[in-house]
Structures are given as structure tokens and as C-alpha cells.
Amino acid sequence: NDARYQHFSLETSVSTSANCSDTSSNSSSSSSSSNEDNNNMPWQSAPPLIIIFGAFNVAAGLMWGVQRLTYGKDKPVCRDQWSFAMDNRDERVLQYREMMKKEEK
């Protein structure tokens, strides 16, 4: 019934000289069935989209998991020289604090 789905018709009508009278009588029944088939077209594209969406999410989850297991924490992104210098400074500060605690005992 809906005209916007008519260009999605997957049925083709082949008329031969022997079946000319049959194709004219079957055209009304085939057009009603093609409209029913065309209304299902958006659902036919859902499984591939779900698979693609799922694959992206699984890939991202696996990458996060591997990085988490490798580094023991989330991998920082957009690191520059400043962030590396701050990491080195933090390590030295922690070592100094541990050394001071040992000297106090």
C-alpha cells in the first residue's frame, strides 16, 4: 500500500507467450505480496548492522582488556614529554617517602 517501498521490489515478472493470460491475473496478487515483503525490508538490514556494531564493541573491549592486563591500569592516551616527566617525578617522590619512612624506624 505504501508507495515509498515500491522501488525495493525484489520480484521480477517474466512473461512468456504461453503464460500471457496468467501473468495479468497474477500481477495483482504479486503486487500485494511485494508490498508485504517491502514492509519487511528495514528488518532485513538489522542483523548485519547488529553484527557490525557488536564486532566493533567486542574489538574495543578486547583491546581495553589486553591493555588493562598489560599495564595493570587503564592505558593513558595523548601522552607527551610533560606526562612522562611527571611520572618520573612521582616515582622519585614515592621512593624518597619510602626511604624517609625506613630512616624514621
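Up top you'll find the structure we're talking about.
Residues numbered from 1 in each chain as written. Predicted model: local features only at pLDDT ≥ 70, side-chain atom pairs only at ≥ 80, totals over all residues. Heavy atoms only, no water.

S.K.: What's the story with the overall build of the protein in this structure? I'm lost.
M.R.: Assigned secondary structure in the protein consists of four helices and zero strands. Total accessible area on the protein is roughly 9,600 Å²; 59% of this is exposed by carbon and sulfur atoms. (Helix = DSSP H or I, 4+ residues; strand = E, 2+ residues; numbered from the N terminus. Areas by Shrake-Rupley, 256 points an atom, 1.4 Å probe, with all protein chains shown as cover.)

S.K.: Whenever I open this one, the packing of aromatic side chains confuses me. Can you help?
M.R.: Summed over the entire model, instances satisfying the criterion amount to zero aromatic pairs. Over the ring of Phe84 we find Arg79, and its NZ or CZ is 4.2 Å from the ring centre. (Phe/Tyr/Trp six-rings, centres within 6.5 Å; stacked < 30°, edge-to-face > 60°. Lys NZ or Arg CZ within 6 Å of the ring centre and 35° of its normal.)

S.K.: Could you clarify how one ought to interpret the pattern of salt bridges in this entry?
M.R.: Think of it this way: side chains of opposite charge can pair up when their charged atoms draw near. Counting across every chain of the model gives three salt bridges. Across the pair Asp87 and Arg79 runs a salt bridge, and its minimum N-O distance is 2.3 Å. By relative accessible area, which is 32% here, Asp87 ends up partly exposed. Residue classification places Arg79 among the partly exposed positions, given a relative accessible area of 30%. Between Asp90 and Arg89 there is a salt bridge, with its nearest N and O atoms 2.8 Å apart. Given the relative accessible area of 35%, Asp90 is considered partly exposed. Overall, Arg89 belongs to the partly exposed group, its relative accessible area being 38%. (Salt bridge = Lys/Arg side-chain N within 4 Å of Asp/Glu carboxyl O. Buried < 20%, exposed > 50% of the residue type's maximum accessible area, 1.4 Å probe, protein only.)

S.K.: Mind showing me how you'd approach a nonpolar patch on the surface here?
M.R.: Taken together, the side chains of Leu49, Ile52 and Phe56 define a hydrophobic patch exposed on the protein surface, amounting to about 350 Å² of accessible area. Along the chain, the position of Leu49 falls in helix H3 (residues 46-71). On the accessibility criterion, Leu49 (56% relative accessible area) is exposed. (Patch = residues over 30% accessible without salt bridge, like charges linked within 9 Å, V, L, I, M, F, W, Y side chains within 5 Å.)

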